[in-house]
Amino acid sequence: MKIATYNVNGINSRLPVLLRWLEETAPDVVCLQELKAPQEKFPFQSLHDAGYSALWQGQKSWNGVAILSRNTSIQEVCRLLPGDAEDLQSRYLEAQVQGIRVGCLYLPNGNPAPGPKFDYKLAWLERFQVYAANLLKSELPVILAGDYNIIPTETDVYKPERWLSDALFRSESRQAFQTLLNQGWTDALRKLYPQERLYTYWDYFRDAYRRNAGLRIDHLLISPSLAGRLIAGGVDYPVRGWEKTSDHAPVWVELADV
DNA sequence: ATGACCTAAACATTAGGA
């Protein structure tokens, strides 16, 4: 089965691109981020017509996450990241889908750093680490897929020296990502491609996509039982070159059937 | 070092993104 994550950067303005990508690649499960749409403006009918059921947590203007499942139902687990009752931003959605526990996340950007936004990012990461550790303890097959807004290593950015003080690449962010790997999560794309330069995001500025001046910030972290089923994965690069496209490209993994 | 571009709503400028 194929599971993908895609930061769409506005689901309604991106709907033609999303539907074309779904039709061409037919992922079984999809995690979407940055819907930038309130709950009532989610295009569930268009997705239904394309063969996908959907669970979504919208928000006016910003954030927003969704989980899609092809031809099957979705059982909701939660709509917010636990650990802070004050944090109502739509950045985490979890469901049981096709036998797998799927966490869809949109981690805070954190810029400018240092500052309150960076503090929020680090606090979110701490809550996420606690939550992820408990998921591992459950021994369920789990995938935590989304826009982590973290460049894990200097292999994951076209020009590391330019990004050292950026919230995406600061040591606190990288260390938090490493902590998740140390817990036992597998960075699926890096596992499949240990050395290669893989990017999932290219700035709209400066012709970044054509120059391949990109970042790898969208990740699929898989629990040990799923790591044993990992058979393929990749970035759907051409989607980033389509008309009216997101600044992110979809990322996917293929898992062997049990 | 700066600014380049894109989205949604604050609607024609601003805020946020990464």
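Residues numbered from 1 in each chain as written. Chains lettered and ligands numbered in written order. Predicted model: local features only at pLDDT ≥ 70, side-chain atom pairs only at ≥ 80, totals over all residues. Heavy atoms only, no water.

(A) Local environment of the protein's contact with DNA strand B. Around DNA strand B there are 25 residues in total, and Glu34, Ser61, Asn109, Phe205 and Arg206 lie nearest to it. Sugar plus phosphate, as a fraction of atoms of DNA strand B within 4 Å of the protein: 61%. Between DNA strand B and Tyr106, the relevant distance is 3.1 Å, taken from a phosphate oxygen to a side-chain nitrogen or oxygen of the residue. One of the side-chain nitrogen or oxygen atoms of Lys244 is found 3.3 Å away from a phosphate oxygen of DNA strand B. (Near = heavy atom within 4 Å. Polar contact = N/O pair within 3.5 Å; in protein donor to acceptor, adjacent residues only side chain to side chain.)

(B) Broad picture of the packing of aromatic side chains. According to the stated counting rule, one finds eleven aromatic pairs in the structure shown. A ring pair is formed by Phe128 and Tyr148, whose centres lie 6.1 Å apart and whose planes are at 70°; its orientation type is edge-to-face. Note that Phe128 is positioned in helix H3 (residues 116-138) and Tyr148 in the loop between strand E8 (142-147) and helix H4 (171-183), a separation of 20 residues in sequence. Taken as a pair, Phe128 and Tyr148 share a single burial class, namely buried. Here the aromatic cluster, defined as three or more aromatic residues joined through ring pairs, consists of Tyr92, Trp124, Phe128, Tyr131, Tyr148 and Phe177. A cation sits over an aromatic face here: Lys2 above Trp252, 4.8 Å from the ring centre. (Phe/Tyr/Trp six-rings, centres within 6.5 Å; stacked < 30°, edge-to-face > 60°. Helix = DSSP H or I, 4+ residues; strand = E, 2+ residues; numbered from the N terminus. Buried < 20%, exposed > 50% of the residue type's maximum accessible area, 1.4 Å probe, protein only. Lys NZ or Arg CZ within 6 Å of the ring centre and 35° of its normal.)

(C) Up close: the sheet that holds strand E14 (residues 251-255). Taking strand neighbours across the sheet as the criterion, the six strands line up as E3-E4-E2-E1-E14-E13 in an open arrangement whose pairing is mixed. Lying at the two open borders of the sheet, with one neighbouring strand each, are strand E3 (52-57) and strand E13 (230-235). With strand direction ignored, the average angle separating the axes of adjacent strands in the sheet is 15°. Pairing between strand E1 (residues 2-7) and strand E2 (residues 29-33): five bridges, direction parallel. (Pairing = 2+ DSSP bridges. Axes fitted to C-alpha atoms, helices over the stretch in contact; angles between N-to-C directions.)

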